[in-house]
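Residues per chain, in single letters:
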Amino acid sequence: MSEHLRYAEGGEVHLDFHGATNTTIDFIISRYGVEAMDAIFKKVGKDVYRSIHDDLVAGDTGQLVRHWRHFFTRENCDYDIAVGADEIVLTVRHCTAWHHVAKLVGTPSPHFCDQTSRTNEALAEGSPYAIDTEITGPGSCRQVIRRRA
């Protein structure tokens, strides 16, 4: 069980990073296809966020919840996390990243939120959990961690 938060950058948030990510997603999909982009997001979930993935495989959701709290608070999102006995629900009412990209380019890539959905799927792969991501509106979503049946 990891008590530390490995991914805890501080300092100024450069929201234009999300704009660059949006452009990169569209470029990779146009050049190599959605499958290639999905493979990259899978690597992010399993390799970039290895310690979160390893904790989930070990049955520990704590680091992922701390990660969510850190980054959604850092980016001043409108969100809450409900930790229950059977599930953990992250409700994002206003995703700062999505709305910033919308200001930059008008309409974010239709695949912008795939980075969350596909990365969550990879984080949970091989673990006792499933993470379902439901896009509930423009710049809003609901992410649910549940034990697999």
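Structural notes on the packing of aromatic side chains
Part 1 of the reasoning: Inspection of every chain in the model, using the stated rule, returns 1 aromatic pair.
Part 2 of the reasoning: Geometrically, the ring pair formed by Phe-72 and Tyr-79 is tilted, given 5.6 Å between the ring centres and 40° between the ring planes. Like Tyr-79, Phe-72 is buried.

Some points on the nonpolar core
Part 1 of the reasoning: Leu-64 and Trp-68 are the most contacted members of the largest nonpolar core, which totals 29 residues.
Part 2 of the reasoning: Once residues within four sequence positions are removed from consideration, Leu-64 is found in contact with Ile-52, Leu-56, Leu-123, Ile-131 and Ile-145.

Remarks on the pattern of salt bridges
Part 1 of the reasoning: Inspection of every chain in the model, using the stated rule, returns 10 salt bridges.
Part 2 of the reasoning: Across the pair Arg-118 and Asp-38 runs a salt bridge whose closest N-O atoms are separated by 3.6 Å. With Arg-118 in helix 6 (residues 114–124) and Asp-38 in helix 2 (residues 34–48), the pair connects residues that are 80 residues apart, well separated along the chain.
Part 3 of the reasoning: Overall, Arg-118 belongs to the partly exposed group, its relative accessible area being 26%.
Part 4 of the reasoning: Through salt bridges that share partners, Asp-38, Arg-118 and Glu-121 make up one connected network.

Points about the confidence of the model for the chain
Part 1 of the reasoning: Confidence in the prediction for the chain averages 91 pLDDT; 91% of positions are at 70 or higher.
Part 2 of the reasoning: Per-element mean pLDDT across the chain ranges from 93 in helix 4 (residues 62–74) up to 98 in strand 2 (residues 87–94).

Remarks on the environment of His-111
Part 1 of the reasoning: Tracing the backbone through its elements, the reader meets His-111 in the loop between helix 5 (96–105) and helix 6.
Part 2 of the reasoning: As a C-alpha pair, His-111 and Ile-29 span 82 residues in sequence and 8.9 Å in three-dimensional space.
Part 3 of the reasoning: With sequence-adjacent residues up to four places away left out, His-111 is seen in contact with Ile-25, Ile-29 and Val-34.
Part 4 of the reasoning: Polar contacts involving the side chain of His-111 include one to the side chain of Asp-114, which spans 2.9 Å.

Here's the deal with the packing of helix 3 (residues 50–57) against helix 4
Part 1 of the reasoning: Following both chains from N to C, one finds helix 3 and helix 4 inclined at 140°, their axes separated by 8 Å at the closest point. It follows that helix 3 is oblique to helix 4 by the angle criterion. Residues Ser-51, Ile-52, Asp-55 and Leu-56 of helix 3 touch helix 4, and the partners they reach there are Gln-63, Leu-64 and His-67.
Part 2 of the reasoning: A per-class count over the contact of helix 3 with helix 4 returns 3 nonpolar, 3 polar and 1 charged.

Conventions used here
Residues numbered from 1 in each chain as written. Predicted model: local features only at pLDDT ≥ 70, side-chain atom pairs only at ≥ 80, totals over all residues. Heavy atoms only, no water. Phe/Tyr/Trp six-rings, centres within 6.5 Å; stacked < 30°, edge-to-face > 60°. Buried < 20%, exposed > 50% of the residue type's maximum accessible area, 1.4 Å probe, protein only. Core = buried A, V, L, I, M, F, W, Y, C linked by side-chain atoms within 4.5 Å. Contact = heavy atoms within 4.5 Å. Salt bridge = Lys/Arg side-chain N within 4 Å of Asp/Glu carboxyl O. Helix = DSSP H or I, 4+ residues; strand = E, 2+ residues; numbered from the N terminus. pLDDT = per-residue confidence, 0-100. Polar contact = N/O pair within 3.5 Å; in protein donor to acceptor, adjacent residues only side chain to side chain. Axes fitted to C-alpha atoms, helices over the stretch in contact; angles between N-to-C directions. Parallel < 35°, antiparallel > 145°, perpendicular 65-115°, else oblique. Nonpolar A, V, L, I, M, F, W, Y, C, P; charged D, E, K, R; others polar.

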